[in-house]
Amino acid sequence: MPSDARPQELTYADVNRDVVRSLVETGSKYYITLACSIGVMLTCFFFPWFYQLYYGIGAAGVNHPSVWGTYLASFIFWIGLSHSGTLLSCVLHITNSEWRKAMYRSAEAMTLFSLCVAAMMVMVHVGRPWFIHWAVPYPNQMEMWPNFRSPLMFDVMAITTYLTGSTIFIYMGSIPDFAAVRDRTTGWRHHMYVVLSLGWRGTDLEWHRLRWAYTFLAVLIIPLAVSVHSIVSWDFALSIVPALHQTIFAPYFVVGAIYSGTAGIVTVMYFLRKYMNFEQYITKVHFDNLGKLLLVLSLIWTYINIVELFTGWYGGTSGEIEALRYRLFGYYAPLYWEMILFCAVAPLLMISKRFRTSFVPMLILSILINIGMYTERFLIVGTSLSRQYLPDAWGLYVPSLVELSIIVGSVAMFITLFLIFVKIFPSVSIYEVKETLPEPEPDTTTGEPEWQPTH
Amino acid sequence: MSFIDDFLASWREYREPGYYDGFDYHWTMSVDLDRCTGCGACITACQAENNIPIVGEDAIARGREMQWIRIEKYWEGEFPDVKLRFIPMLCQHCDAAPCETVCPVSATYHNQDGLNAQVYNRCIGTRSCAVYCPYEVRYFNYNNHHWDAPLEQQLNPDVSVREKGVMEKCSFCIQRIRQAKDVAKDEGRRVQDGDVQPACVQTCPTEALVFGDQNDPDSRVSQTMNDERAYHVLEELNTAPSVVYLRKVETDAV
Amino acid sequence: MASIDRRDFLKLVGAGGVGTGAGFMLREAIKHPVENLVPYPVPPEDFSPGIATWYNTVCSMCSAGCGITVRTREGRAKKIEGNPSHPVSQGRLCARGQAGLQVLYNPDRVTTPLQQTGERGSGDWLPLTWTEGLSQISGRLGELRSSGQGGAVCLLSEGQRGHMHGLFEQFMANIGSDRLVYYDYDHPHPLLAAMNRLFGTSELPYFDLGNTDYLVSFGADYLGSWLSPVHHGLGFGRSRQGRDHHRGRFVQIEPRMTLSGAAADEWIAAIPGTEGIIALAMANRIVSQGGYQGDDADAWAAALEPYSADAVAEQTGVAAETIARVADTFAGTGPSLAIGGDGAGRHSNGVDALTAITALNYLAGNLGIEGGLIFNPEPVAGQGAAARHASYRSMLELAEDAREGRIQVLIVNQANPVFTMPAAAGIGEALARIPLIVSLSSFMDETTAMADLILPSHTYLEAWGDDFPEPGVGFRAGAISQPVVSPLYDTRDTGDTLLAVAAAVNPDGALTAATTEEYLREQWRAIFERDAPTEEGTAQAQEAIAAETVEAAAEVVAQAAPEDDAAADAPANAEAAVAQVAPAEGAVATNPDPAGWMPDAFDEFWNSLLRAGVWGENTRAEQGPVTVDASVIDAIGVDAPEFAGSSETYPFILQPYLSLNMHDGSGANLPWMQELPDPLTSVVYGSWLEINPETARELGLRDGDLVDVESPQGTISVPVLTFPAIMPNVVAMPVGQGHSEFGRYASGRGANPIEILAPQVEPETGSLAWNATRVRLNPTGRRANLVRTSGLSRDLGRGIIQTTATGEAEEHASTKLRSIPITVEPA
Ligand SMILES: Nc1nc2c(c(=O)[nH]1)N[C@H]1C(S)=C(S)[C@@H](COP(=O)(O)OP(=O)(O)OC[C@H]3O[C@@H](n4cnc5c(=O)[nH]c(N)nc54)[C@H](O)[C@@H]3O)O[C@H]1N2
Ligand SMILES: Nc1nc2c(c(=O)[nH]1)N[C@H]1C(S)=C(S)[C@@H](COP(=O)(O)OP(=O)(O)OC[C@H]3O[C@@H](n4cnc5c(=O)[nH]c(N)nc54)[C@H](O)[C@@H]3O)O[C@H]1N2
Ligand code: SF4
Ligand code: SF4
Ligand code: SF4
Ligand code: SF4
Ligand code: SF4
């Protein structure tokens, strides 16, 4: 690992101070942001959703034959976004990349929260969410059992597993940090961290076990993450809808997921760095490395898109050709070309190191990539369903205001969850960052906390 | 190895065409395209029989029509050498139904009579079945529908009214089948050819539709299936439909 | 905080509980006025809860007169199906027949007698009792009658047949008026005139589609709206695929493709109004090629001389070879059949055209044979009804009388001329001059809205009546209409209302029956007694009725269904079979022991009639040779059609066709019919103007562009819809929408093309030549919401509807159930 990944001028004490401060020192800016995002979440997500619960799915623009719409597109999008967090963190952990250490915690949090938002999107998507538990296998007096042949059922399994795995992973990795914070806080926070840190004392045995379990989980989660988006792709690929029934879908979705997830990390990193004063922890090195990764992913993604077009064309059936034609030149074509611009063309800028190490351009690009990736998911659903086998049944789908509002609201939900997270979890891993620092002199003072609450 | 052998045997049995021949009945419909005039009587008959709601102009404008059987029409050629062909499209009650595999809660399944049954109470409204159905014959309740009083008095008490969030589709008028089976059972016999006719078949003025049991080789529907004009729509998808179409005869200038 | 001890606590809880309870009860009491619990321990006799009861009656959604059987549960009608024993419907129904339930349960019915309290048309209605309503009208009619002005009473009704016609006639005789006027927009005046001219018959003939091998239809939408669509549908299906190795072929000649045109094997576009000329060219070809060998062949040859195929090709827009080919096939295929419908008949030359078309059957020897044109016997009842049917011209006379004050009271019964007559006729304004308008209609339609008093009738599912279908099926057949449910509202049987009024106005009149049912029984007793000997009866003879009835009914159906598909329709159990089977008159007439009858057998007969819903003979009379009068032959000829408006100013000919769903507009208040996609365009809930795609392109019009359709008589706004099968200089529009009244589903929706029709008439009959108006299109620049259920109506070579050619059966046998790959070029 390049040694400049390490925040050079920092000491252990600085790390403790900075991170703990990020948890307990809360300015009015934070509260205003939190209030805004909760407000947006309530008005743009929950209010329209409740209206939809009352009225029926008809509140959305879905119709016959386009019975799926933005809710499902959002679902794939959030699942996709979840990908880079934990997956990337695991890969980097196994490959011992040092630059991972400052960013992995928030990346993992992204995973968690995008999964939560994705789960909410499922609730919003189905017609009768009050019976959603019927999709879960549990013994019941009705003797009902879900259908294990259904890719939707695979989804439920894969996503719950992934969510469980990711939760344990982020939690386990945070235990030493909780302990560190526990020792430096007072009042209710202290009590909370006492519980969260599970009595961590930092003995050798504890460290040994943590490392072992952590690595074990990391290895476990990699195939899991890959499988999750493969399975999500099967919701589509196992259908016989032209342009959805494609073998390339699993890798296509996985690559797309990692791609959008990585772009998401860049976005989150930017804001963490800027607004949580982590300039010294999250540096150009991170942006440079993430940029390289993004570049590679964008190339793979582009390649897969070309393959997809080719298979459609080569398949040559009327259905496939029409789906292709419609995607490239039909009603939604502007969206298609927007996606190509944002996800295949614009990322080529990252060939330049100067670009990769410029924060604001990277932020903009990362957001554009995710807009493009959202579009991709929308197109997968929108174009394919409106042009199926029987032309007389063709239709057109345009999202309704309720749907657009819920998309905005779901972003707010994600932000809200993240804002709450940064006040509970040390969003930069204290102990792993410390590992990259020179050992300090043995502590000879009284053992007072380096940092005192200011009140 | 017997576990694997069992598994393979069941698998083969499941995939084997004719798997459903083993069941009591195998309800089948044939549609003679040479007879069908596209008149739409079947549509209204089905609406009347099956409590299909009137959705209103706005809903149809938004693509939310509800007609379990619809008449697709396709133009061929340009004026003056122009032809218009019709095809009634309803649930094909596929023996290898893609809609059944995808439903996470088994709300749609294959019953012992070869019907693709839809359990409204069980449906959670994922709409995946509608995506998976290549015939586009599944209709979703985007909202609750109401009948302007006293139109609700027409509702058929033998058929449930569906609520918002539930998928619905042609049932081959399962309530009529059930009634015919009840009568036959009381009389200690099998249901005979002609005992049961779905509403659409019953009303069709040109007698384009024939309904019956494919397992009974003498039934009229079995005979139409052996007609040289018989084909399945989208046969290449291997859904093994239980609706057989008879090719339209088109002679050139006579 | 104040301390509360145990006692205080208990008090508070007590007070709170009482308060909450009282509040709740008060609220409930305010919300629901106390309803009495009405126990239902003894249900009505004729149904068992949970078990359906079926009643046979007659569909009156159009004039075809299909026999229906209505499924009821717990006293409510649930489903209408065709009566398998009825020779017209044979168990089948059209969409409108199915939708009859929504007439019964229509939310917009007039549920009680109403009086207009404000100005006419103001819609200020005040409910009143039947006693008041009846005394109002009886009082007025009584005054008029006693002052010798009975003739100033006009009864304007939808067409009546059978004994109901007799009741209407007698009612008018009672009042002392001869102004009984039936008005139906589509009454086939021209066809009746043509039949009369050619063959001297006043009945519509039976067109035996089911056995024909080659049908040439000139603008007759026999599958959609013409005469008897369900029966024609049966014939069409049977001719095509109901006979072994014997497939009938169908040709349709018309300017705009109808449902029947789409079903045809060959669709030939012809310039509007030239159908008769094409027929004459075919006749010319047949005669000149020696295809006709009758004694009068020379007379025909002379009369047809000017109409060679070459001579008419340009005028008609049909190539000479095509005419010759169709003529040759027509003459060379037996039996063949030529029919002419509204497309040909509703022109200035309509009667001539239909005469020419019908004459083809004479020349090809199709008269009186299976698969050809079969003459109907005179109906058993309802003679003289045809003479009462008003043409457009006689409606104008009526309007004139109204304007001149010669009509004092107008009684309207389910007729709606204000909607179905062109604005040019000024019927609304004329009717407004009549001092008293009483409507017996069940719905607030445009004409009823002008009434002073509404005495609402039952709908047909609640009412009594009988029917002798027209056109018949080549032998005598009739059916009883009976109530299938008890009336939903405070309405009355039309017959009962008339009987009550007649009794009040003229107690000494010939109308003595108290109810329509009683009246009908009397009439049917006459039929029964005429056909059955009246001596002493035996039980044995009565048994014979039942047995023979079943057998004979089967024959009635078999007669109409030669390739008997009826087996499949047989009711599931024996009991149902009796209820659905016809007590054919033949059975009564052929009773082995005529001496064994007694008059009481009538009750038996009546009951079995109600059970079966149908009555008839089971044999078709032999048809003797038919000759056509020489003068008719000499006069045969079809002039060029005349159109209102010059072709320069008004470049398009407007074809206002009867809609499959709405018919003449009477179906527009049925939500099922609004929601049933139009078969050819998939439009729902609206009006549209069909235009050739090329023409639309030239005019820069796209689907959904709103245009003003302007005729010399007025303008309506309609969205255009490109329609691949319409001639470039023709535009077509369905009739039925554009109501200003008629309930929530119909009013304020679409446009009514009848409104702008020019008052062109066919001179002989005076009937409206509704295809003879020219229009021009003025784009408005606005778009309209054209709601359609279809996506793309081209199959892109996907083989969704597969076809085969006759004779290639073997080849297709090998492709059966094999994978047919979908491989085509991109669209
Ligand atoms: N409005 C109204 N309320 C009533 C009455 C009334 O007449 N009117 N009657 C009262 C009387 S007398 C009674 S007994 C009660 C009855 O009240 P409930 O016991 O609620 O009776 P049901 O609704 O008939 O059946 C309950 C559920 O059992 C399910 N079920 C059916 N078979 C099986 C099975 O084999 N296994 C399982 N697990 N479930 C099954 C049904 O689908 C249904 O959802 O209602 C009382 N309440
Ligand atoms: N299809 C169907 N059949 C069922 C059942 C079902 O769920 N579905 N449930 C079964 C069960 S659990 C039960 S308990 C039985 C119930 O079957 P029943 O005992 O027949 O019950 P109900 O039909 O509710 O009521 C019977 C009659 O009592 C009348 N009634 C009401 N109040 C009074 C009164 O004060 N005095 C008198 N004299 N009459 C009164 C009602 O109007 C009604 O006509 O049904 C059984 N049968
Ligand atoms: S009722 Fe029969 S003829 Fe009419 S559209 Fe339906 S299948 Fe075709
Ligand atoms: S036609 Fe569609 S809904 Fe019906 S069984 Fe086949 S796949 Fe399922
Ligand atoms: S919509 Fe209902 S039936 Fe269809 S897949 Fe979802 S739960 Fe199953
Ligand atoms: S079989 Fe029954 S449910 Fe299916 S389309 Fe026909 S009438 Fe409707
Ligand atoms: S053809 Fe006329 S009479 Fe027959 S069912 Fe249709 S509407 Fe009724």
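Residues numbered from 1 in each chain as written. Chains lettered and ligands numbered in written order. Predicted model: local features only at pLDDT ≥ 70, side-chain atom pairs only at ≥ 80, totals over all residues. Heavy atoms only, no water.

Engineer: Kindly report on the overall build of chain A, identifying the contributing residues and their values.
Structural biologist: Secondary structure assignment for chain A yields 15 helices and 0 strands. Its C-alpha atoms give chain A a radius of gyration of 23 Å, near enough to 23 Å, the size a compact globule of 455 residues would have. Counting every position in chain A, which comprises 455 residues, the buried fraction comes to 62%. Within chain A, contacts between residues at least 6 apart in sequence are counted, and of these 82% link residues at least 24 apart. Carbon and sulfur atoms make up 70% of the accessible area of chain A, which totals about 18400 Å². Within chain A, one finds 28 positive and 30 negative side-chain charges whose respective centroids are separated by 3 Å. (Helix = DSSP H or I, 4+ residues; strand = E, 2+ residues; numbered from the N terminus. Rg over C-alpha atoms; globule rule 2.2 N^0.38 Å. Buried < 20%, exposed > 50% of the residue type's maximum accessible area, 1.4 Å probe, protein only. Contact = heavy atoms within 4.5 Å. Areas by Shrake-Rupley, 256 points an atom, 1.4 Å probe, with all protein chains shown as cover. Lys, Arg positive; Asp, Glu negative; His and termini not counted. Charge placed at Lys NZ, Arg CZ, Asp CG, Glu CD.)

Engineer: Please give an account of the packing of helix α2 (residues 28-55) of chain A against helix α4 (residues 104-125) of chain A that cites residues and values.
Structural biologist: All names here are of chain A. The contact between α2 and α4 brings their axes to 10 Å, and the two run at 30°. The angle between α2 and α4 falls in the class roughly parallel. Residues F45, F46, W49 and Q52 of α2 form the contact with α4, whose participating residues are M120, M121, M123 and V124. (Axes fitted to C-alpha atoms, helices over the stretch in contact; angles between N-to-C directions. Parallel < 35°, antiparallel > 145°, perpendicular 65-115°, else oblique.)

Engineer: Can you break down the interface of chain B and chain C residue by residue, with the values?
Structural biologist: Contacts between the two partners involve 81 residues from chain B, matched on the other side by 100 residues from chain C. Taking both partners together, chain B and chain C bury about 7900 Å²; carbon and sulfur atoms supply 54% of that area. The partner of R71(C) in a salt bridge is D158(B), with the nearest N and O atoms 2.6 Å apart. Here chain B and chain C share 42 residue pairs in polar contact (both at pLDDT 80 or more) between them. Where the side of chain B that touches chain C is concerned, the elements lending two or more residues are α2 (41-49), α3 (57-61), β2 (70-76), β3 (83-89), α7 (199-203), α8 (220-225), β9 (230-231) and β11 (248-249) of chain B. Residue composition of the side of chain B that touches chain C, grouped by class: 37 nonpolar, 19 polar and 25 charged. Judged from the 2 bridges that link them, β11(B) and strand β26 (residues 803-804) of chain C form a sheet pairing that is parallel. (Buried area = accessible area lost by both parts, 1.4 Å probe. Salt bridge = Lys/Arg side-chain N within 4 Å of Asp/Glu carboxyl O. Polar contact = N/O pair within 3.5 Å; in protein donor to acceptor, adjacent residues only side chain to side chain. Nonpolar A, V, L, I, M, F, W, Y, C, P; charged D, E, K, R; others polar. Pairing = 2+ DSSP bridges.)

Engineer: So what's going on with the confidence of the model for chain A? Residues and values would help.
Structural biologist: Residues and elements named next belong to chain A. Per-residue confidence for chain A gives a mean pLDDT of 89, with 95% of residues at or over 70. No element of chain A has a lower mean pLDDT than helix α1 (residues 12-24), which averages 78, and none a higher one than helix α11 (residues 333-345), which averages 97. Segment residues 1-5: pLDDT under 50, and 8 contacts once partners within four positions in sequence are set aside and those in other chains are kept. Residue range residues 451-455 is modelled with pLDDT below 50. Its contacts to residues more than four positions away, or to other chains, number 8 contacts. (pLDDT = per-residue confidence, 0-100.)

Engineer: Can you lay out the environment of M142(A) for me, pointing to particular residues and giving the numbers?
Structural biologist: Residue and element names in this part refer to chain A. Structurally, M142 is set in the loop between α4 and α5 (151-182). Judged by its relative accessible area of 37%, M142 is partly exposed. In the structure, M142 is positioned 51 residues away from Y193 in sequence and 43 Å away in space, judged by C-alpha atoms.

Engineer: Any chance you could break down the pattern of salt bridges for me, citing the residues and the numbers?
Structural biologist: Within this structure, the stated rule accounts for 62 salt bridges over all chains. With a closest N to O distance of 2.8 Å, E49(B) and R176(B) form a salt bridge. Of this pair, E49(B) sits in helix α2 while R176(B) sits in helix α6 (residues 174-186); the two residues are 127 residues apart in sequence, bridging distant segments of the chain. Residue R176(B) is classed as buried on the basis of its relative accessible area of 16%. Each of D32(B), R35(B), E207(B), D227(B), R229(B), R92(C) and R238(C) takes part in salt bridges that share partners, so that together they form one network.

Engineer: Run through helix α25 (residues 601-612) of chain C, naming residues and quoting values.
Structural biologist: Compared with the 16 Å implied by 1.5 Å per residue over 12 residues, the 16 Å span of α25(C) between its first and last C-alpha is a close match. Count one or two residues on from α25(C) and you reach G613(C), which has phi positive near 75°. (Expected span 1.5 Å × (residues − 1).)

Engineer: Which residues make up the side chain of T28(B), and what are the values?
Structural biologist: Its place among the elements puts T28(B) in strand β1 (residues 27-32). Exposure remark for T28(B): the relative accessible area of 0% places this residue in the buried category.

Engineer: Summarise the interface of chain A and chain B; cite the residues concerned and give the values.
Structural biologist: With 45 residues of chain A in contact, the opposing surface of chain B contributes 49 residues. For the chain A and chain B pair, buried surface summed over both sides reaches about 3800 Å², with 54% attributable to carbon and sulfur atoms. Looking only at chain A, the three residues that lose the most surface to chain B are H64(A), R128(A) and L390(A), adding up to 19% of its buried area. Run the count over chain A and chain B and you get 1 salt bridge. Across the pair R128(A) and E163(B) runs a salt bridge whose closest N-O atoms are separated by 2.6 Å. Joining chain A to chain B, the criterion identifies 36 residue pairs in polar contact (both at pLDDT 80 or more). Among the secondary structure elements, those contributing two or more residues to the side of chain A that touches chain B are α2, α5 and α7 (204-237) of chain A. Considering only residue class, the side of chain A that touches chain B consists of 30 nonpolar, 11 polar and 4 charged.

Engineer: Lay out the side chain of R356(A) in plain terms, naming residues and giving numbers.
Structural biologist: Residue and element names in this part refer to chain A. Within the secondary structure layout, R356 lies in helix α12 (residues 353-356). Assessed through its relative accessible area of 7%, R356 is described here as buried. For R356, the side chain forms a polar contact with the main-chain oxygen of I351, separated by 3.3 Å.

Engineer: Describe the site of ligand 5, naming the residues involved and giving the relevant values.
Structural biologist: Residues in contact with ligand 5, as listed here, are C103(B), P104(B), V105(B), A107(B), Q118(B), C123(B), I124(B), G125(B), T126(B), R127(B), C129(B) and M167(B). Grouping the amino acids of the shell around ligand 5 by side-chain chemistry returns 8 nonpolar, 3 polar and 1 charged. (Near = heavy atom within 4 Å.)

Engineer: Requested: an account of the pairing of strand β2 (residues 67-73) of chain C, with residues and values cited.
Structural biologist: All names here are of chain C. Among the 7 residues that make up β2, 7 are buried, leaving the element largely enclosed by the rest of the structure. Across the two faces of β2 the burial is the same, with G67, T69, R71 and R73 and I68, V70 and T72 all buried. The sheet contact formed by strand β1 (residues 53-58) and β2 spans 6 bridges and is antiparallel. For V58, the partnering residue across the bridge sits in β2 and is G67. Pairing between β2 and strand β3 (residues 76-82): 6 bridges, direction antiparallel. Paired with V70 across the bridge in β3 is I80.

Engineer: Describe the sheet that holds β2(C), with residues and values.
Structural biologist: Residues and elements named next belong to chain C. Spatially, β1-β2-β3 is the arrangement adopted by the 3 strands of the open sheet, whose pairing is antiparallel. Whereas interior strands pair on both sides, the edge strands pair on one side only; in this sheet they are β1 and β3. The sheet shows a mean angle of 30° between the axes of neighbouring strands, direction not considered.

Engineer: Please set out the pairing of strand β14 (residues 409-413) of chain C residue by residue, giving values where relevant.
Structural biologist: All names here are of chain C. In terms of burial, β14 is largely enclosed, as 5 of its 5 residues are buried. Every second residue of β14 is oriented toward a common face, with V409, I411 and N413 on one face and L410 and V412 on the other, all of them buried. As judged from the 5 bridges shared by strand β6 (residues 153-157) and β14, these two strands associate in the parallel manner. Residue pairing for β14: C154 is matched across the bridge by L410. Sheet topology note: the β14/strand β15 (residues 436-439) ladder contains 4 bridges and is parallel. Pairing of V409 across the sheet is with L436, part of β15.

Engineer: Please give an account of the site of ligand 7 that cites residues and values.
Structural biologist: Near ligand 7 you find C59(C), M61(C), C62(C), A64(C), G65(C), C66(C), L93(C), C94(C), G97(C), P229(C) and V230(C), and these make up its full shell. In the shell around ligand 7, the residues fall into 9 nonpolar, 2 polar and no charged.

Engineer: If you had to explain the nonpolar core to someone new, which residues and values would you point to?
Structural biologist: Core analysis: the largest hydrophobic core is formed by 359 residues, its most contacted members being F218(C) and W300(C). Here this core takes 14 residues from helix α8 (residues 249-275) of chain A, the largest share from any one element. Ranked by size, the runner-up nonpolar core spans 53 residues in total, among them V110(C), Y392(C), V731(C) and V775(C). (Core = buried A, V, L, I, M, F, W, Y, C linked by side-chain atoms within 4.5 Å.)

Engineer: Any details on unusual backbone geometry? Residues and values, ideally.
Structural biologist: With the exception of glycine, the majority of residues adopt a negative phi angle, and the majority of peptide bonds are in the trans configuration. Residues and elements named next belong to chain C. The step from G334 to P335 runs through a cis peptide bond, and the omega angle for that step is -10°. Counting through the fold element by element, P335 comes out in the loop between α12 (320-332) and β12 (336-340). Across the junction of E470 and P471, the peptide omega takes the value 0°, indicating a cis bond. Topologically, P471 is positioned in the loop between β17 (465-467) and β18 (477-481).

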